[in-house]
Amino acid sequence: MTVTGATRVGAVIGDPVAHSLSPIIHNAAFAATGFDATFVALPVRPADLGAAIAGVRALDLLGLSVTMPHKAAVISHLDDVRHEAAALSAVNCVVRDGGRLVGTNTDGAGFVDALTAASVDLVGTRVLVLGAGGAARAVVRALVDAGVAEVGVANRTTEKAEAAVLLGGRDARVAEVDDAPDYDVIVNATSVGMGVAAAAAVVPLPADRLRDGHVVVDLVYEPVETGLLAAARAVGAQAVDGVGMLVHQAAHAFTLWTGLPAPVAVMDGAAREALQPKT
Ligand code: ATR
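Everything numeric in this text was worked out from a predicted model, so none of it was measured.

Caption draft 1: Expanded view of the sheet that holds strand 5 (residues 93-97). Spatially, the six strands line up as an open sheet ordered 2-1-3-5-6-4, and their pairing is mixed. At either end of the open sheet lies a strand with only one pairing partner, and these are strand 2 (37-43) and strand 4 (80-81). Along the sheet, helix 2 (residues 49-58) contacts strand 1 (8-14), strand 3 (63-66), strand 5 and strand 6 (100-104); its crossing angle with strand 6, the most-contacted strand, is approximately 120 degrees. Here helix 8 (residues 243-258) sits on the sheet in contact with strand 2, strand 3, strand 5 and strand 6, set at roughly 15 degrees to strand 5.

Okay, here's the thing in structure tokens:
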């Protein structure tokens, strides 16, 4: 695509941000749809966040993705925050609404869409979420909205599990990793396994807790095939990798910025190609 005087600019801000896959995913989507925009990663130090958001207004950027460590702090610099982001105290996407900048959070919707795409029906299921950080909190909220029967939250630090459970209301409770056999779906929302080859078998719960019939979802997407997913496949469980949530949360952002349906297959292909191990 040729960049012209009319080309809009979208960006992801974070610190660090050079590793972000958002430019690859969104530029693939712009190319596939012919939407005249380009997407870049902009490192923003925490002390410069307010100035960066003022820059978004001044430069009339198309929209922003927001990643660590700015997801909570950005809220005070925006004109409004949608209810998903307010409930989580975390914004991962900034949208222009006329002259206003509005924060939203597409992680929960992206998670549910990824499971739908993997033919997983969440209604009435019991789901165990491992972890209680930002990703886990978005997942807990989305699961309850999706009509699951129960959400258990197991976390190394119990106080954080208790806080995450509050997002799930009466259908959520603190759980232990050893409870896994009692659940239908296991979601790894910890960072355990990130950057570790599957063969090293670094997993967030004892592998003997997994069984045939489980759906095992890993939000870790680098590597795509984690030790947890390999262990799940080994016992005959359904394994769902983390690329789905990554792509579907980006798909929601793309639609919010452009008003177009997202070319999800193209975005998924671009992400998977970028994540292929380099030989
Ligand atoms: P994210 O925004 O990706 O969710 P985060 O907010 O830093 O990241 O959360 C990371 C999660 O992984 C937390 O639940 C963390 O557990 P603690 O709350 O006890 O810190 C979990 N985690 C990270 N390393 C872990 C490990 N080695 N074992 C178990 N849990 C771990």
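The discussion continues.
Caption draft 2: The nonpolar core, seen in detail. Phe 111, Val 129, Leu 143 and Val 217 are the most contacted members of the largest nonpolar core, which totals 32 residues. Secondary-structure elements contributing two or more residues to this core are helix 4 (107-117), strand 7 (126-130), helix 5 (134-145), strand 8 (150-154), helix 6 (158-166), strand 10 (185-188) and strand 11 (215-218). The biggest single contributor to this core is helix 5, with six residues. Here Val 217 is in contact with Phe 111, Leu 115, Val 185, Ile 186, Val 187, Asn 188, Leu 228 and Val 240, once residues within four sequence places are set aside. Within the second largest apolar cluster, 22 residues are counted, among which are Leu 21, Phe 39, Leu 62 and Leu 246.

Caption draft 3: Focus on the site of the ligand. Looking at the ligand, the residues that line it are Gly 131, Ala 132, Gly 133, Gly 134, Ala 135, Asn 155, Arg 156, Thr 157, Lys 160, Thr 190, Ser 191 and Val 192. In the model, an oxygen atom of the ligand is placed 2.7 Å from a nitrogen or oxygen of the Asn 155 side chain. Take Arg 156: an N or O atom from its side chain is 2.8 Å from an oxygen atom of the ligand. Surface burial for the ligand is 64%, taken as the share of its 650 Å² of free accessible area covered by protein chains. When grouped by side-chain class, the residues that make up the shell around the ligand number three nonpolar, seven polar and two charged.

Cut-off values and rules
- Residues numbered from 1 in each chain as written.
- Predicted model: local features only at pLDDT ≥ 70, side-chain atom pairs only at ≥ 80, totals over all residues.
- Heavy atoms only, no water.
- Pairing = 2+ DSSP bridges.
- Helix = DSSP H or I, 4+ residues; strand = E, 2+ residues; numbered from the N terminus.
- Contact = heavy atoms within 4.5 Å.
- Axes fitted to C-alpha atoms, helices over the stretch in contact; angles between N-to-C directions.
- Core = buried A, V, L, I, M, F, W, Y, C linked by side-chain atoms within 4.5 Å.
- Buried < 20%, exposed > 50% of the residue type's maximum accessible area, 1.4 Å probe, protein only.
- Near = heavy atom within 4 Å.
- Polar contact = N/O pair within 3.5 Å; in protein donor to acceptor, adjacent residues only side chain to side chain.
- Areas by Shrake-Rupley, 256 points an atom, 1.4 Å probe, with all protein chains shown as cover.
- Nonpolar A, V, L, I, M, F, W, Y, C, P; charged D, E, K, R; others polar.

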